[in-house]
Amino acid sequence: MDNEKLQQLTEKISRQSFGWEFKHEAYFNNRLRTTGGRYLLQSHNIEINPKQYEQFGEAAIIDIIKHELCHYHLHLQKRGYQHKDKDFKKLSQKVGAPRFCSAVKSYEERANYVYQCQSCKKSFLRIKKVNTRKMVCGHCHGKLKLQKKL
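Conventions we followed
- Every chain is numbered on its own, with residues counted from 1 as its sequence reads.
- Residues qualify for local features only when their pLDDT is at least 70, as the model is predicted, and side-chain atom pairs are given and counted only at 80 or more; totals for whole chains, interfaces and linings, by contrast, use all residues.
- Side-chain metrics in this entry use all non-hydrogen atoms of the structure; hydrogen atoms and water are not considered.
- Only DSSP runs of H or I covering at least 4 residues are called helices, and only runs of E covering at least 2 are called strands; the numbering of each starts at the N terminus.
- Only C-alpha atoms enter the radius of gyration, while the globule expectation follows 2.2 Å times N to the 0.38, with N the number of residues.
- Buried, partly exposed and exposed residues are distinguished by accessible area as a fraction of the type maximum, computed with a 1.4 Å probe on protein chains only: under 20%, between the cut-offs, and over 50%, respectively.
- By definition, residues are in contact when any of their heavy atoms lie within 4.5 Å.
- We get accessible surface area from the Shrake-Rupley algorithm with a probe of 1.4 Å; when it comes to residues, only the shown protein chains can shield them.
- Note that His is not counted, nor are the chain ends; the positive residues are Lys and Arg, and the negative ones are Asp and Glu.
- Here the site of a charge means NZ on Lys, CZ on Arg, CG on Asp, or CD on Glu.
- Simply put, an axis is a line fit to the C-alpha atoms, just over the touching stretch for a helix, and the angle between two N-to-C directions goes from 0 to 180 degrees.
- Handedness of each helix crossing follows the sense of rotation of the near helix against the far helix: counterclockwise by less than a right angle gives left-handed, clockwise gives right-handed.
- Three categories are distinguished: nonpolar for Ala, Val, Leu, Ile, Met, Phe, Trp, Tyr, Cys and Pro, charged for Asp, Glu, Lys and Arg, and polar for the others, with Gly belonging to the last.
- Whether two strands pair depends on DSSP finding at least two bridges between them.
- UniProt positions are given in the numbering used here, feature names are shortened, and annotations may be inferred rather than shown by experiment.

J.: Teacher, can you tell me more about the overall build of the protein chain here?
T.: In terms of regular secondary structure, the protein chain is built from five helices and six strands. For the protein chain, whose C-alpha radius of gyration is 20 Å, the value lies well above the compact-globule estimate of 15 Å for 150 residues. Considered along the principal axes of its C-alpha atoms, the protein chain spans approximately 60 × 35 × 25 Å. Scored against the burial criterion, the 150 residues of the protein chain give a buried share of 37%. Within the protein chain, counting contacts between residues at least 6 apart in sequence, those at least 24 apart form 43% of the total. Surface accessibility of the protein chain: about 9900 Å² in total, with carbon and sulfur atoms responsible for 47%. Taken together, the 30 basic and 14 acidic charged side chains of the protein chain have centroids lying 15 Å from each other.

J.: Just to check I follow, could you spell out the packing of helix α1 (residues 3–18) against helix α3 (residues 58–76) for this structure?
T.: Working note: a packed helix pair is described by the angle between its axes plus the distance between those axes. One way to put it is that α1 packs onto α3 with a least axis distance of 10 Å and a crossing angle of 65°. Where α1 crosses over α3, the two elements pack in a sense that is right-handed. Residues Leu6, Leu9, Thr10, Ile13, Ser14, Ser17 and Phe18 of α1 form the contact with α3, whose participating residues are Glu58, Ile61, Ile62, Ile65, Lys66, Leu69, Cys70 and His73. By residue class, the composition of the contact of α1 with α3 is nine nonpolar, four polar and two charged.

J.: It is not clear to me how the sheet that holds strand β4 (residues 113–117) should be interpreted in this structure. Could you clarify?
T.: Pairing between the strands of a sheet is mediated by backbone hydrogen bonds and can be parallel or antiparallel. Read across the sheet, three strands follow the order β5-β4-β6 without closing on themselves; strand pairing throughout is antiparallel. Of all strands in the sheet, those with a lone pairing partner are β5 (123–126) and β6 (144–149), marking the two edges. Strand-to-strand twist in this sheet, taken as the mean axis angle between neighbours without regard to direction, amounts to 30°.

J.: Could you clarify how one ought to interpret the UniProt feature "active site" (unreviewed entry) in the protein chain in this entry?
T.: Summarizing the sequence annotation, UniProt attributes the feature "active site" (unreviewed entry) to Glu68 in the numbering used throughout. Along the chain, the position of glutamate 68 falls in helix α3. Given a relative accessible area of 5%, glutamate 68 falls into the buried group. Those residues within four positions of glutamate 68 in sequence are excluded, and the remaining contacts are Gly37, Arg38, Tyr39 and Ile46.

Given below as structure tokens:
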């Protein structure tokens, strides 16, 4: 799927599911890593993670588009467009837009560091390096030590 087909699909979903026109741009953004898509408040464009299409197919893209269109239409109508807002929850339920999309990579696959508690020997995976002088074990409050960098 290319950007032109994505644009056409977004316009079609907007008309069919919402009954409103989508008058901005929808395109793939290769730089997105941890999110399926995003609605840009300034430009009103929608960006989609192409890895979602590659891994999960068109059905996943349709769900992401519906979710982002909820943000889009509510924002333009000056209604509650954030995840926490009643308007957003109501509209997303009405059109069948999921709250989250499937992760392209699991947390375990993204982890870069393994820490181990010196007291209870429990291991912890972390994506970012943590300050072992401040952070302690969540189970026994023991001291953490960097086991290895993955």
